[in-house]
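The residues making up each chain are set out below.
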Amino acid sequence: MKQVVRNVKILGTGSYVPSKVYTNEYLETMVPTNAQWIFENVGIKERHIAEENQATSDLAAIAGRRAVEDAGLDIEDIDLIIVATSTPDRKAPSTAAFVQNKLKAINAAAFDITAVCSGFLFGMSVGSQYIASGIYNNVLVIGADTFSKITDWTRRDCIFFGDGAGAAIITASNVTEGFLAYRLYTDTSHDMLGFTIPAGGSEIPINEYNLKEKLQYFQMDGKAVFASATSALPKAINQVLNDTGLSIDDIDVMIPHQPSIRILKRTAEIIGLPFSKVMHNMEKYANTSGGTIPILLDECKKQGKIEKGNIVLFAAVGSGWTYGASIIKWA
C-alpha cells in the first residue's frame, strides 16, 4: 500500500472555563500577597476555578463538543481523542476515556499525553501524524487542567494557576495551507524539578504522611521557570523559523503558552517580534497549563484576530523541561 502524506490544518476550535472566579483581591484575603503586584509582575487579574464536583474531563468534554460543533462535524466523525493534561481525573482510566464516554464518541480511540504546559502542542503534533499518514481523518486534541485541585491555597505561588480547557479539531488540508513545521524538545539537564508535583505517582505514593506534608500539591521555583522559559522558547521558535525558511517578520500572530507577562515580553524581545503580535489572556484566566494555547487560540479565532493566510506561531514550555514551537499557515 502506498503511503500518502497529507497536510494538516485546524478545522474548528472550542473552549470552556468554570464560572467561579478568584480575583487577586480575593487572594489577598487568603495569602500574604498584593493584587497590584500580581498584575504588574505576572499579568494576572483573575482565574477561573472548577467546582468541587467538576473534574478535568468535565471541562475537556465541553470544550471538545464546542470544537466539534465549530468544525461542522458530528461526534461520530471523530476518529481519535487526545487529551493533554497533568491533572487527570484518575490514574486509570485515562481522562481521554472519560471524555469519550461523556461525548458518546463511540468511533474514537482515546488516550492521554503528559507534557504539562507544553501538552497541547505535543498533542497537536501527535495527532497531526495520524492525519498526515492517512490513518485518521478527524482528530480532537484537547488541553485541559484543573490546577486548583493541586494548589496549596496557603502558599504565595497559588496566584499563578487557573482551571480551563481548550480544544481543536485537526484534519487533512491541501498543500497550500496547514502546519508547516514542528519542533519538540525535552531538556532534563538542569533544574528538572523546577516545577513538580511530588506525590501521587509510584515514586512517592499518597499516604497519610505525604498528605500531611502537602506533597500532593505543585511546587515551583519561579526563578528556574523564568530562566528555562526565556532560554527554551527562543530556541524552539528560531528552529521552526529556520525549518520553514521564514523570518520573524513573516509571523502575523504568536499564540504562546501563558506562563507570565514578563516571560512573554522577554521572549518577544529576544526573538525580535513586536509584542503587539503576541496574544495573551492570562489577565482573565491565569495559567491554565495544557489549556492555555487552545483557549487563547479559540478566543483569537472567534474575535477575528486570525485571518486566512496568516502565519501563526505556537510556542510553549512546561515541566521537565518540555518545550516546543510550531508554525501554521491558517486555512
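Residues numbered from 1 in each chain as written. Predicted model: local features only at pLDDT ≥ 70, side-chain atom pairs only at ≥ 80, totals over all residues. Heavy atoms only, no water.

J.: It is not clear to me how the side chain of Thr33 should be interpreted in this structure. Could you clarify?
T.: Looking at the secondary structure, you find Thr33 in the loop between helix H1 (24–28) and helix H2 (35–42). A relative accessible area of 15% places Thr33 in the buried class. Setting aside anything within four residues of it in sequence, one finds Thr33 in contact with Leu27, Glu28, Ile38 and Ile159. (Helix = DSSP H or I, 4+ residues; strand = E, 2+ residues; numbered from the N terminus. Buried < 20%, exposed > 50% of the residue type's maximum accessible area, 1.4 Å probe, protein only. Contact = heavy atoms within 4.5 Å.)

J.: Whenever I open this one, a negative patch on the surface confuses me. Can you help?
T.: A cluster of like negative charges, contributed by Asp249, Asp250, Asp252 and Glu307, occupies part of the molecular surface. Locating Asp249 in the fold gives a position in the loop between helix H7 (222–244) and strand S11 (253–256). (Patch = residues over 30% accessible without salt bridge, like charges linked within 9 Å, V, L, I, M, F, W, Y side chains within 5 Å. Areas by Shrake-Rupley, 256 points an atom, 1.4 Å probe, with all protein chains shown as cover. Salt bridge = Lys/Arg side-chain N within 4 Å of Asp/Glu carboxyl O. Lys, Arg positive; Asp, Glu negative; His and termini not counted. Charge placed at Lys NZ, Arg CZ, Asp CG, Glu CD.)

J.: Would you mind showing me how to read unusual backbone geometry here?
T.: Going from Ala92 to Pro93, the amide bond is cis rather than trans, its omega being 0°. By the secondary structure assignment, Pro93 is in the loop between strand S4 (80–84) and helix H4 (95–103). The peptide bond linking Gly320 to Trp321 adopts the cis configuration, its omega dihedral lying at 10°. Considering the arrangement of structural elements, one finds Trp321 in the loop between strand S12 (311–318) and strand S13 (322–329).

J.: What's the story with the nonpolar core in this structure? I'm lost.
T.: Generally speaking, nonpolar side chains in soluble globular proteins are found buried as a group. Ranked by size, the top nonpolar core spans 49 residues in total, and within it Ile237, Ile251, Met254 and Leu313 carry the most contacts. At the level of elements, H2, strand S8 (178–186), H7, helix H8 (261–271), S12 and S13 are the ones that each hand at least two residues to this core. Among the elements that line this core, the one with the most residues is H7, at nine residues. With 32 residues, the next largest nonpolar core counts Ala132, Tyr182, Val253 and Leu296 among its residues. (Core = buried A, V, L, I, M, F, W, Y, C linked by side-chain atoms within 4.5 Å.)

J.: What am I meant to see in the packing of aromatic side chains here?
T.: Pairs of aromatic rings are described using the distance from one ring centre to the other and the angle between the two planes. Counting across every chain of the model gives 12 aromatic pairs. Both rings, one in Tyr22 and one in Tyr26, keep their centres 4.8 Å apart while their planes meet at 50°; by these two values the pair is tilted. Given the relative accessible area of 16%, Tyr22 is considered buried. On the basis of relative accessibility, which here comes to 37%, the residue Tyr26 falls in the partly exposed class. Connected via pairs of aromatic rings, a cluster forms that spans Phe147, Phe161, Phe195 and Phe218. Above the plane of the ring of Phe275 lies Lys265, whose end atom (NZ or CZ) is 5.8 Å from the centre. (Phe/Tyr/Trp six-rings, centres within 6.5 Å; stacked < 30°, edge-to-face > 60°. Lys NZ or Arg CZ within 6 Å of the ring centre and 35° of its normal.)

J.: Any chance you could explain the sheet that holds S8 here in plain terms?
T.: Strands in a sheet are paired, the pairing made by backbone hydrogen bonds, and the direction either parallel or antiparallel. Pairing is mixed in the open sheet, where four strands are placed in the order S8-S13-S12-S11. Every other strand in the sheet has two partners, leaving S8 and S11 as the edge strands with one partner each. The average angle at which neighbouring strand axes cross in this sheet is 15°, direction not considered. Inspection of the sheet shows S11 paired to S12 by four bridges, in the parallel sense. By the bridge assignment, Ile255 is partnered in S12 with Phe314. Sitting on the sheet, helix H5 (residues 119–132) touches S8, S12 and S13, and the angle it makes with S8 is about 125°. Sheet strands touched by H7: S8, S11, S12 and S13. Its angle to S8, the strand with the most contacts, is close to 140°. (Pairing = 2+ DSSP bridges. Axes fitted to C-alpha atoms, helices over the stretch in contact; angles between N-to-C directions.)

Geometric values such as these leave the question of function open.
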